[in-house]
Amino acid sequence: MLPQLLVYLLEIIKTQYQIIIYLLGVLLGKSLTDLDEDEPVRKPYKKLQVDELPVIETLQRFDYRQLLAEYEQKHGRALKPIQRRTNTKTTIPDDLTCPQCQAPSAYLYANNGGKGQYQCKVCHCRFNHRSRFTKQVIFRCPHCLKTLEKIKERKDYHIYKCKNDECSFYQANLRRMNANERKRFKQEPHAFKVRYIYREFLFDFQPLAPSSPKKPKVDVSRLSVSPHTLGLILTYHVNYGMSSRKTVGIMKDVHGLSISHQTVINYANSVALIIKPFVDRFPYELSGSFCGDETYIRVKGRWHYLFFMFDAVKKVVLSYRVSPNRDTMSAIHAIDDVLQKLPSVPDDLTLVVDGNPIYLLAQHFFTQHGIRFDVRQVIGLTNDDPVSEEFRPLKQIIERFNRTFKGNYRPTHGFGAEEGSVSFVTLFVAYFNFLRPHGALENRVPVVIPELGSLPHMPARWGKLIAMAQDFLQQQAA
């Protein structure tokens, strides 16, 4: 009898709990789950171990016609095709060509008795259907210089592994194991990462390829408000971080102008679309001390990631990507924004970031495209390694910038659409780079434009900045 009574009481408690959740949703406009999500869940990123870059060997290609001409010039006679025996047990497919020089099948030997290996008489290349010359490059282990083997094919990347049992990397990892780990390793070898691994990315993305500026659908000069009023709205909404509704209130109470909060959002979206190409393509004078970090921003009730890249000396924001995921592709886009703003990629370029492995994977992606730079990771809150101790000041600079952004972002309580989040971040970066005095720069703005500095107040500077952005769009379209 007692167990049945307990079950009955538990059912009553569950029913009461569901009623409480429902009433919270009716009275407060959000569920209990939403209340718990007012702050982002700071889950640590996946502890993915990224090994150093492999030795990348670029394969040389030849033209068999040119090689035949050189052979004839050197020996005084032409290189004859192969005369095959009539009783041979091996045949060469007519459509088979040498992968290194493209010589036709008439110049190809069956090199190992029909077991699949061929040799070219023109360039002496040995190959089979899994030949290394079917690839653009060869990846070699940096520890033993053995060719890496492809072990897995994913949607966006291929995984290569060094399978050399004598590799120093593999042997060193085995020696580090204690007795219990060795015993488990024999039973579950897949639970340990002991061999060198490299990921070749297959993203359909060309680095350093600037996108065309988008022509806005709304002509700001034809809005129903004056440039001064538009500058006032942006000053309150962006400079002082007021929400759209508070901006409406101050425009009504102080300036006697009645507008709706949706009008404020529409103005912000229109101006952001005009200013973004100007901000992204401005010829900044950069120092070369770059740092990056991610912070949180809420879009459609869910937490997104905002990737910032920052010039620590000039105090210029170089990248501001909003992404629903904290993944390698987002890091690639953020780094590419920095590289596009450099006249050329210097040999000693270094990016200071946190311990997230996506930045190392992004470094590997750029290396595949011939773009090389160094990544320094500052890990944790204490200087437990020499790299963190040396580059901690740069990491603290980007953290302070994140706090500055959050001070402006927090009153918005998130955004109902991705367009709104991107617009707000774009306007904040324009304000930070061109309009906001910085204490570390003796109260000068990071990017000094004389036309802006000579104006008497902030609304006028916003109006001038918008006009300069419109002129930039017209020049790009011409």
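Because the structure is a prediction, the values reported are computed rather than measured.

As enumerated under the stated definition, the model contains 29 aromatic pairs in all. Judged by centre distance (5.6 Å) and plane angle (45 degrees), the rings of F415 and F424 are tilted. Here F415 matches F424 in class, with each residue buried. Members of the aromatic cluster, connected to one another through ring pairs, are F308, F310, F401, F405, Y409, F415, F424, F428, Y431 and F432. The ring of Y170 is capped by R195, whose NZ or CZ atom sits 3.9 Å from the centre of that ring.

Turning next to helix α4 (residues 168-176). Among the residues of α4, those classed as buried are F169, Y170, A172, N173 and L174. On the buried face of α4, the contacting elements are α5 (179-187).

Turning to the pairing of strand β10 (residues 302-311), a few remarks are in order. Across the 10 residues of β10, 8 count as buried, placing the element largely inside the fold. Summarising the sheet, strand β9 (residues 289-299) and β10 pair through 10 bridges and their orientation is antiparallel. Within β10, the residue paired with T295 across the bridge is L306. Linking β9 to β10, which pair antiparallel, is a turn of 2 residues; within it K300 sits at a positive phi near 55 degrees. As paired elements, β10 and strand β11 (residues 316-323) share 7 bridges and run antiparallel to each other. Considered in β11, the bridge of F307 is made with R321. Hairpin connection, β10 to β11: the antiparallel pair is bridged by 4 residues, and K315 has positive phi, about 60 degrees.

Analysis parameters
- Residues numbered from 1 in each chain as written.
- Predicted model: local features only at pLDDT ≥ 70, side-chain atom pairs only at ≥ 80, totals over all residues.
- Heavy atoms only, no water.
- Phe/Tyr/Trp six-rings, centres within 6.5 Å; stacked < 30°, edge-to-face > 60°.
- Buried < 20%, exposed > 50% of the residue type's maximum accessible area, 1.4 Å probe, protein only.
- Lys NZ or Arg CZ within 6 Å of the ring centre and 35° of its normal.
- Helix = DSSP H or I, 4+ residues; strand = E, 2+ residues; numbered from the N terminus.
- Contact = heavy atoms within 4.5 Å.
- Pairing = 2+ DSSP bridges.

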